[in-house]
Each structure stands twice: as C-alpha cells, then as structure tokens.
Amino acid sequence: MTAPRAALVARLAATAEVIGSTLSEDALAIMETGLERWPAGEVAHALHRVRSECRGRLALADVLERIPAWKQSRLQSVDEAWEQALAARMWD
C-alpha cells in the first residue's frame, strides 16, 4: 500500500473512532478504494466535517456527501439524465 493510501486508511480509522465506531480492515480498504478517486484535500475536509457533524457508525456515504467534487458529479449525472429524457420525449 502506498503512503497516501495508508494515510487515508489511518484517517478513516481515526474518524470512525472519534464518532464512536470501529471498522474492520476490510471495511477500511473498501472505503479507501471508494475515496481514492476524489481530490485528497476534499476528502480530508470531508473527514473533518464528518468528525464534527456525525455520530455513530461511519458510512462511506457520510464522507462522499461532504466532497464537493462528488456532489458536482451527481449534479452532472442528473442533468445528463434529464437531457436524455427530454431528448427521448419519454412521456409521449
């Protein structure tokens, strides 16, 4: 595992502990894989927000929802879906 990936796993484990849960090594690896494509600074900020805003079990969605690039990608997907629906005129 590379140093940046190991650091992310460590931050995930610490964040889970701070909000009151623990994660298995497998769960940490899956979460790390789900977050590796997003900008490191945005992930770090999202984890900071999770520590401030969440309590209980840490879920990948808790982190993703706080990453601006992830939100932007979701908005683009919704816009693209509407564009395709309108082009197909699905309700006619």
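Structure first, text after, so check above.
None of the values given here were measured: they were computed from a predicted structure.

1. Considering the side chain of T15
Secondary-structure assignment places T15 in helix α1 (residues 3-19). Reaching out from T15, the side chain makes a polar contact with the side chain of R51 at a distance of 2.9 Å.

2. Describing a nonpolar patch on the surface
A contiguous nonpolar surface patch, about 330 Å² in accessible area, is contributed by V78, W82 and L86. Relative to the helices and strands, V78 resides in helix α5 (residues 68-88). Taking relative accessible area as the criterion, V78 reaches 43% and is therefore assigned partly exposed.

3. Concerning helix α3 (residues 40-53)
Every α-helical turn comprises 3.6 residues, leaving residues that sit three or four positions apart pointing alike. For α3, with 14 residues, the first-to-last C-alpha span of 20 Å sits near the 20 Å given by 1.5 Å per residue. Three or more residues of α3 are buried, namely V43, A46, L47 and V50. Along the axis of α3, the buried residues cluster in a sector spanning 100°; they form a single face. Summarising the contacts, the buried residues of α3 are in contact with α1, α2 (25-35) and α4 (60-64).

4. Let's talk about the packing of α1 against α3
Closest axis-to-axis distance for the α1/α3 pair is 9 Å, and the angle between their directions is 15°. The angle between α1 and α3 places the two elements in the roughly parallel class. The chirality of how α1 crosses α3 is left-handed. Taken together, the residues of α3 that come into contact with α1 (itself represented by L8, R11, L12, T15, V18 and I19) are V43, L47, V50 and R51. Considering only residue class, the contact of α1 with α3 consists of seven nonpolar, one polar and two charged.

5. Brief notes about the pattern of salt bridges
Evaluation of the coordinates by the stated rule reveals four salt bridges. Where E36 meets R5, a salt bridge forms, and the shortest distance between an N and an O atom there is 3.4 Å. One end of the pair, E36, is in the loop between α2 and α3; the other, R5, is in helix α1, and 31 residues separate them in sequence. Taking the relative accessible area as the measure of exposure, E36 reaches 43% and is therefore partly exposed. Put simply, E53 and R49 hold a salt bridge, and the shortest N to O gap is 3.0 Å. With a gap of four residues between them, E53 and R49 both fall in helix α3, about one helical turn apart.

Parameters and conventions
- Residues numbered from 1 in each chain as written.
- Predicted model: local features only at pLDDT ≥ 70, side-chain atom pairs only at ≥ 80, totals over all residues.
- Heavy atoms only, no water.
- Helix = DSSP H or I, 4+ residues; strand = E, 2+ residues; numbered from the N terminus.
- Polar contact = N/O pair within 3.5 Å; in protein donor to acceptor, adjacent residues only side chain to side chain.
- Patch = residues over 30% accessible without salt bridge, like charges linked within 9 Å, V, L, I, M, F, W, Y side chains within 5 Å.
- Areas by Shrake-Rupley, 256 points an atom, 1.4 Å probe, with all protein chains shown as cover.
- Salt bridge = Lys/Arg side-chain N within 4 Å of Asp/Glu carboxyl O.
- Buried < 20%, exposed > 50% of the residue type's maximum accessible area, 1.4 Å probe, protein only.
- Expected span 1.5 Å × (residues − 1).
- Arc of directions from axis to C-beta.
- Contact = heavy atoms within 4.5 Å.
- Axes fitted to C-alpha atoms, helices over the stretch in contact; angles between N-to-C directions.
- Parallel < 35°, antiparallel > 145°, perpendicular 65-115°, else oblique.
- Left-handed = near helix turned anticlockwise from the far one by under 90°.
- Nonpolar A, V, L, I, M, F, W, Y, C, P; charged D, E, K, R; others polar.

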